[in-house]
Amino acid sequence: MKALYKFWGYLEEILAGFFFLVGIALIFYGVIMRYAFNDPQAWVEELARYSIIWGTFLGFGLALRHNQHIQVDILYDQLKPSMKRILDLVATGLSITFCVIYTYYGFVLVENRFSSGMVSLDIGIPMWIVYLVLPLSGILFLARFLERLVNILRGKDEEYANPLN
């Protein structure tokens with residue numbers, strides 16, 4: 001089980017990082033082509049945008065794993081441990097509900113784009129591939145929230161790990 005957990009963590013990091021790096025490289029390429037060679041490439045901006053979006057959405061679960069999402073905890077820190085646990089359970093339950101709805105409608109959107117045959121303007125790739133990141137990220141995000149729920153129920157403290165270490 002630990003090996004699967006490690007693999008899952010590495011997969012999230014590699015995929016999110018890969019898509020970000022591809023997006024940044026494409027932007028760099030576009031700038032060079034536009035300003036150095038005076039030959040702008042229309043497809044570069046579109047592909048860079050999709051790549052960075054994929055990197056961002058696949059990074060949701062990664063940020064949750066390291067507890068790096070934005071949070072306001074000035075009142076939370078003043079609560080008793082028992083109230084913190086209740087609040088954590090409620091927030092995680094609401095988050096799981098959100099992820100289920102988000103994933104479901106992500107699949108609906110992918111199905112609609114697949115059946116419509118819609119393609120992107122410059123590249124011509126099917127839009128269902130672009131929108132596929134919604135249900136995929138929803139599943140990964142849901143899995144992280146389920147992991148958080150199990151940890152809360154077990155009484156395991158959340159770690160505020162730095163993913164850069």
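Our structure is the block above this text.
From a predicted model like this one, the values you see are computed outputs, not experimental measurements.

J.: Would you mind going over the packing of helix α1 (residues 2–36) against helix α2 (residues 42–65) in detail, with residue names and values included?
T.: Orientation of α1 relative to α2, taken along the N-to-C sense of each, is 155°, at an axis distance of 8 Å. With respect to each other, α1 and α2 are oriented roughly antiparallel. As α1 runs across α2, the sense of the crossing is left-handed. Grouping the amino acids of the contact of α1 with α2 by side-chain chemistry returns 18 nonpolar, 8 polar and 3 charged.

J.: Give me the lowdown on the side chain of Glu46, citing residues and values where you can.
T.: Structurally, Glu46 can be placed in helix α2. Look at Glu46: it is buried, it has no salt bridge, and the nearest opposite charge is Arg49 at 5.4 Å. At 3.2 Å, the side chain of Glu46 forms a polar contact with the side chain of Ser120. Once you skip the residues sitting within four places of it in the chain, Glu46 turns out to touch Ser120, Leu121, Asp122 and Ile123.

J.: Please provide a residue-by-residue account of the environment of Gly93, values included.
T.: Along the chain, Gly93 falls in helix α3 (residues 81–116). Along the primary structure Gly93 and Phe145 are separated by 52 residues, whereas in three dimensions their C-alpha atoms are 8.4 Å apart.

J.: Tell me what's going on with the nonpolar core, and back it up with residues and numbers.
T.: Leu64, Ile96, Cys99, Phe141, Leu142 and Phe145 together form the largest nonpolar core, which totals 6 residues. Mapped onto this core, the elements with two or more residues apiece are α3 and α5 (133–154). No other element matches α5, which puts 3 residues into this core. In this structure, Phe19, Trp54, Leu58 and Val133 belong to the second largest nonpolar core, which totals 5 residues.

J.: Go over α1 with me, naming the residues and quoting the values.
T.: A rise of 1.5 Å per residue sets the reference length of α1, with its 35 residues, at 51 Å; its end C-alpha atoms lie 50 Å apart and thus fit the reference within 8%. Along α1, the positions that sit buried rather than exposed are Trp8, Gly9, Glu12, Ala16, Phe19, Gly23, Leu26, Gly30 and Met33. For α1, the secondary structure elements touched by its buried residues are α2 and α5. Asn38, located one to two residues past α1, shows a positive phi value of around 50°.

J.: Give a description of α2 that names residues and reports values.
T.: Taking 1.5 Å per residue, 24 residues should reach 34 Å; α2 reaches 36 Å between its end C-alpha atoms and fits that length. The largest bend in α2 comes to about 35°, at Gly59. Every buried residue of α2 is accounted for by Val44, Glu46, Ala48, Tyr50, Ser51, Trp54, Gly55, Leu58, Gly59, Gly61, Leu62 and Leu64. Of the surrounding elements, those touching the buried residues of α2 are α1, α4 (127–131) and α5. Of the residues trailing α2, Asn67 is marked for its positive phi of about 55°.

J.: Lay out the pattern of salt bridges with the relevant residues and their values.
T.: Evaluation of the coordinates by the stated rule reveals 5 salt bridges. Among the salt bridges present, the one from Glu13 reaches Arg65, with a minimum N-O distance of 2.5 Å. Taken together, the residues Glu13 in helix α1 and Arg65 in helix α2 connect sequence positions 52 residues apart. For Arg65, a relative accessible area of 23% translates into the label partly exposed. Note that Arg144 and Glu147 form a salt bridge whose closest N and O atoms lie 2.8 Å from each other. With Arg144 and Glu147 both in helix α5 and 3 residues apart, this pair spans about one turn of that helix.

Calculation notes
- Residues numbered from 1 in each chain as written.
- Predicted model: local features only at pLDDT ≥ 70, side-chain atom pairs only at ≥ 80, totals over all residues.
- Heavy atoms only, no water.
- Axes fitted to C-alpha atoms, helices over the stretch in contact; angles between N-to-C directions.
- Helix = DSSP H or I, 4+ residues; strand = E, 2+ residues; numbered from the N terminus.
- Parallel < 35°, antiparallel > 145°, perpendicular 65-115°, else oblique.
- Left-handed = near helix turned anticlockwise from the far one by under 90°.
- Nonpolar A, V, L, I, M, F, W, Y, C, P; charged D, E, K, R; others polar.
- Buried < 20%, exposed > 50% of the residue type's maximum accessible area, 1.4 Å probe, protein only.
- Lys, Arg positive; Asp, Glu negative; His and termini not counted.
- Salt bridge = Lys/Arg side-chain N within 4 Å of Asp/Glu carboxyl O.
- Polar contact = N/O pair within 3.5 Å; in protein donor to acceptor, adjacent residues only side chain to side chain.
- Contact = heavy atoms within 4.5 Å.
- Core = buried A, V, L, I, M, F, W, Y, C linked by side-chain atoms within 4.5 Å.
- Expected span 1.5 Å × (residues − 1).
- Bend = angle between axes of the 7 residues up to and from the residue.

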